[in-house]
Amino acid sequence: GTYLYQTAPDQVSRTALAQVLTTLTPNVIAVHIDEDAAATRGYIDLDNSAGTYAGPPAPIAIGNLVGISWGYRTASGLQTSRMADLWIAAYEYLRSSSPRGRSVLRLHLEGGWEILRRSRQRTQVVHTADAYLTILNRIFSRAGLQLTTSAPSSRSTAVVPKFTIAPDTSGYAA
C-alpha cells in the first residue's frame, strides 16, 4: 500500500509512505518556543487570510514533524541553526484582533519529552538481558521516537540491569 498505519488504544493514525515536505516560511506571522531541561513547547502562527491552510492541507496534521531553523545575519553572511525536531500536537484557527480580523492557523508544537510523557505502557515490561541502550531504544520506540547516539559509552552497551516497567508508567518516568 501507499500508507502506513499506527494504532494506539485511543487513536489510529495514517500517513503516506512517501515523505511530503512543505515550507511554511512565507506565511509565518509568529513563532513562540519555550525550552527547558525537560520540555519544549510552543506554537507557530501562519497567515491564513488567503485560505491557504483551510482544512488544513497535507502535510499539516497532528503528529507530523516540524523542523525549525533560526536565521542570523553575521559578518560571514547568512547563517542558520536548526533546533531539535518538534511535532504538531494540535492546531486551531484564530481571528486576529486587527480591524480586518486576519485569519490565522496556529500550530501547537511539542518536543520528544512530551511525547514520552504521554506514552504509557499497557502491560508490564521486564528487561532481564538487555543493556541500558537497548532498554532506552525500546522505550523510545514504543513512544514512536527514534533514539540515536553518536558515540555510545561502553557502559551503556555492556551493563545489563534487571529492569521492570510497570503498567501505565510513562516512557519519561521509566
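Look up a bit, the structure's there.
Here's a quick rundown of the structure. Keep in mind that what you see is a predicted model, and the values were worked out from it rather than measured. (Residues numbered from 1 in each chain as written. Predicted model: local features only at pLDDT ≥ 70, side-chain atom pairs only at ≥ 80, totals over all residues. Heavy atoms only, no water.)

## Some remarks on the packing of aromatic side chains
Here the structure, examined in full by the defined rule, presents two aromatic pairs. Plain terms: the ring middles of Y91 and Y93 are 6.3 Å apart, the flat faces sit at 80° to each other, and that makes the pair edge-to-face. The partly exposed category is assigned to Y91, whose relative accessible area is 32%. Here the basic side chain of R117 rests over the ring of Y172, its NZ or CZ set 4.0 Å away from the ring centre. (Phe/Tyr/Trp six-rings, centres within 6.5 Å; stacked < 30°, edge-to-face > 60°. Buried < 20%, exposed > 50% of the residue type's maximum accessible area, 1.4 Å probe, protein only. Lys NZ or Arg CZ within 6 Å of the ring centre and 35° of its normal.)

## Here's the deal with the side chain of D45
Relative to the helices and strands, D45 is located in strand β4 (residues 39-47). Residue class for D45 comes out buried when judged on its relative accessible area of 8%. Of the polar contacts made by the side chain of D45, one reaches the side chain of R106; its length is 2.7 Å. Residue contacts for D45: discarding those within four places in its chain leaves N27, V28, I29, A30, V104, L105 and R106. (Helix = DSSP H or I, 4+ residues; strand = E, 2+ residues; numbered from the N terminus. Polar contact = N/O pair within 3.5 Å; in protein donor to acceptor, adjacent residues only side chain to side chain. Contact = heavy atoms within 4.5 Å.)

## Examining the nonpolar core
Among the nonpolar cores identified, the biggest contains 14 residues, and L46, I60, I68, L107 and L109 are the most heavily contacted of them. Residue assignment for this core shows that the elements contributing at least two residues are β4, β8 (86-95) and β9 (103-110). Here the element with the most residues in this core is β9; it accounts for three residues. Contact partners of L109, with chain neighbours within four places excluded, come to I33, T40, R41, G42, Y43, I44, V66, I68, L86, W87, I88 and A89. (Core = buried A, V, L, I, M, F, W, Y, C linked by side-chain atoms within 4.5 Å.)

## Focus on the pattern of salt bridges
A complete count under the given rule lists five salt bridges for this structure. Here E110 and R118 are joined by a salt bridge, their closest N and O atoms 2.3 Å apart. For the salt bridge of R138 with D130, the shortest nitrogen-to-oxygen distance reads 2.7 Å. Look at D130 and you get buried, because its relative accessible area is 14%. (Salt bridge = Lys/Arg side-chain N within 4 Å of Asp/Glu carboxyl O.)

## Quick notes on the sheet that holds strand β5 (residues 65-66)
Pairing within the open sheet is antiparallel, and its five strands lie in the order β3-β4-β9-β8-β5. Strands at the two margins of the open sheet, each flanked by one partner only, are β3 (28-36) and β5. The sheet contact formed by β3 and β4 spans eight bridges and is antiparallel. Directly across from V31, in β4, lies its bridge partner I44. (Pairing = 2+ DSSP bridges.)

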